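# Observations on the three-dimensional arrangement
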Amino acid sequence: MSILKSKPVILTGDRTTGPLHLGHYVGSLKSRVTLQHSHEQFLLLADTQALTDNADDPAKVQRNVLEVALDYLAVGIDPDVTTICVQSALPALAELTMLYLNFVTVARLERNPTIKTEILLRGFERDVPAGFLCYPVSQAADITGFKATIVPVGEDQAPLIEQTNEIVRRVNRQIGRDLLSEATAMIPKVGRLPGIDGKAKMSKSLGNAIPLSASADEIRTAVRQMYTDPNHLRAADPGRVEGNVVFTYFDAFCGDQAAVADLKARYRAGGLGDMVVKRQLEDVLQALLAPIRERRAHYAADAGYVLDKLRQGTARARARTEETLDEVREALGLFRFAGDAAA
Ligand code: TRP
């Protein structure tokens, strides 16, 4: 890459509501470790966004800023390569949100498919917090604030990128030039990882997740509990591989595809018991998670180092987001005291 051409900017983030799990790992964290070298990558610890549906438990949101940061470092995200930053410590994002709120209608937010589904899931009905209804606008501020053009998110978040781009076009039209850039959602090719109970989504709140920090015993217990083929009662019987969580996890985590294909064939034919395949899957997961758990413990014992890296990352992020805010304020022609410096 030419030194004159800067790397494309990636922004992604996580709500700080709990430690990350295997679903985050396959869907997102693994690729962030690779992307950090080919892109300029920012990772946002989205504590402000987490508050939009956790206002009754700010302590949880705050506590998990460090937990999620530890997960990042544990999987191999390098804080000197990737900028890791804390959303609530970036006031420029809040101010951009305030400005963008005027370029979107309540009706449009209520039609946003992600928001619609999430309101239903949380049972908010008409009592949806205004902050929650508006979090797509705050996410648009995140994305444009960092000048990100690539946003790796799960498929369920794609409407938020569309919403961002609508705001970008609307603001650009108002100011008469393309100050803000549209972003592209980068959707992972691998499907969503089901929970150990076979439910569509792995989630801490559903109690079907394997956290990245799981102990060896917790991993063993989780694999033992895994949903398989309910009709596969005796080892000698033929078993179903489709919808069988053990095999879904083999596909997601076992590098040796030929071995997995062989195991599937033997399971289908009959003669392979659940305990045997579960023991093999456990080996795969233990091997994957042991080094992650060790690195996590190493960083957890050195919170001073982690906080230093977060402070440095947040300072870099502050510079970037304040620059964007100044440009937007200037372009919209907001009031400025004579003598106050423009950006
Ligand atoms: N909405 C994302 C989630 O729930 C978190 C997030 C906040 C985010 N700001 C972002 C993702 C900006 C991508 C870009 O996981």
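Residues numbered from 1 in each chain as written. Predicted model: local features only at pLDDT ≥ 70, side-chain atom pairs only at ≥ 80, totals over all residues. Heavy atoms only, no water.

### Quick notes on the layout of surface pockets
- Its boundaries defined by the atoms lining it, the second largest pocket holds a volume of some 220 Å³.
- When residues of the lining of the second largest pocket are traced back to their parent elements, those giving at least two are α2 (47–51), α4 (91–100) and α8 (135–145).
- Looking at the lining of the second largest pocket, its residues break down into seven nonpolar, eight polar and one charged. (1 Å grid on protein atoms, 1.4 Å probe; cavity = no way out; pocket = protein on both sides within 12 Å on 5 of 7 lines; lining within 4 Å. Points joined across faces, edges and corners; volume = space filled by probe spheres on them. Helix = DSSP H or I, 4+ residues; strand = E, 2+ residues; numbered from the N terminus. Nonpolar A, V, L, I, M, F, W, Y, C, P; charged D, E, K, R; others polar.)

### Observations regarding empty space enclosed by the protein
- Within the structure shown, the criterion is met by one cavity of 30 Å³ or more.
- Its volume calculated, the largest cavity comes out at about 60 Å³.
- Breaking the lining of the largest cavity down by element, the ones donating at least two residues are α10 (216–225) and α13 (274–300).
- For the lining of the largest cavity, the element with the most residues is α13, which contributes four residues.

### Overview of the packing of aromatic side chains
- Enumeration over the complete set of coordinates arrives at eight aromatic pairs.
- Relative to F146, the ring of F42 lies with its centre 4.8 Å away and its plane at 45°, an arrangement referred to as tilted. Of this pair, F42 sits in strand β2 (residues 40–46) while F146 sits in the loop between α8 and β4 (150–152), and the two are 104 residues apart along the sequence.
- Owing to a relative accessible area of 2%, F42 belongs among the buried residues under this scheme.
- Among the residues examined, F146 registers a relative accessible area of 0% and is labelled buried. (Phe/Tyr/Trp six-rings, centres within 6.5 Å; stacked < 30°, edge-to-face > 60°. Buried < 20%, exposed > 50% of the residue type's maximum accessible area, 1.4 Å probe, protein only.)

### Thoughts on the pairing of strand β3 (residues 83–86)
- Side chains T83 and C85 project from β3 onto one buried face, and the interleaved I84 and V86 project onto a second face that is buried too.
- When β2 meets β3, the two strands line up parallel, connected through four bridges. For L45, the partnering residue across the bridge sits in β3 and is V86. (Pairing = 2+ DSSP bridges.)

### Considerations on the nonpolar core
- In this structure, L22, I210, M226, Y249, F250 and L285 are the most contacted members of the largest nonpolar core, which totals 49 residues.
- Considering each element in turn, this core owes the most residues, eight residues, to helix α3 (residues 58–75).
- When residues are assigned to domains, this core turns out to be shared by domain 1 (9–193 + 302–331) and domain 2 (216–298), each giving three or more.
- Residues contacting I210, with those up to four places away along its chain left out, are H21, L22, I196, M202, A222, M226, Y249, L285 and L289.
- The next biggest cluster of nonpolar side chains, apart from the first, holds 26 residues, and it includes F103, L133, V137 and L325. (Core = buried A, V, L, I, M, F, W, Y, C linked by side-chain atoms within 4.5 Å. Domains from an automatic or database assignment. Contact = heavy atoms within 4.5 Å.)

### Some thoughts on the pairing of β2
- Of all seven residues making up β2, six are buried, and the element is well covered by its neighbours.
- As judged from the seven bridges shared by strand β1 (residues 9–15) and β2, these two strands associate in the parallel manner. Residue pairing across strands places T12 opposite L43, the latter belonging to β2.
- Regarding topology, helix α1 (residues 22–38) serves as the crossover connection from β1 to the parallel β2, and that connection is right-handed. (Right-handed = clockwise from strand over helix to strand, strands pointing away.)

### Here we look at the site of the ligand
- Lining the immediate surroundings of the ligand are L11, T12, G13, R15, L44, A46, Q49, Q139, D142, V151, V153 and Q157.
- Separating a nitrogen atom of the ligand from a side-chain N or O atom of Q139 is a distance of 2.9 Å.
- A distance of 3.0 Å is found between a nitrogen atom of the ligand and a side-chain nitrogen or oxygen belonging to Q157.
- Contact with the protein chains hides 89% of the accessible area of the ligand, taken as 370 Å² for the molecule alone.
- Sorting the residues of the shell around the ligand by element identifies β1, β2 and α8 as the ones contributing at least two each.
- Broken down by element, the shell around the ligand gets its largest block of residues, four residues, from β1.
- Residues that form the shell around the ligand fall into these classes: five nonpolar, five polar and two charged. (Near = heavy atom within 4 Å. Polar contact = N/O pair within 3.5 Å; in protein donor to acceptor, adjacent residues only side chain to side chain. Areas by Shrake-Rupley, 256 points an atom, 1.4 Å probe, with all protein chains shown as cover.)

### Focus: the domain arrangement of the chain
- When the domains of the chain are assigned, the result is domain 1 (9–193 + 302–331) and domain 2 (216–298).
- Relative to domain 2, the C-alpha centre of domain 1 lies at a distance of 34 Å.
- Taken residue by residue, the interface counts 13 residues in domain 1 and 10 residues in domain 2.
- Note on domain 1 versus domain 2: buried area summed over both sides is about 970 Å², and carbon and sulfur give 66% of it.
- Counting the contacts that link domain 1 with domain 2 gives two salt bridges.
- The closest approach of N and O atoms between R296 and D71, which form a salt bridge, is 2.7 Å.
- Joining domain 1 to domain 2, the criterion identifies three residue pairs in polar contact (both at pLDDT 80 or more). (Buried area = accessible area lost by both parts, 1.4 Å probe. Salt bridge = Lys/Arg side-chain N within 4 Å of Asp/Glu carboxyl O.)

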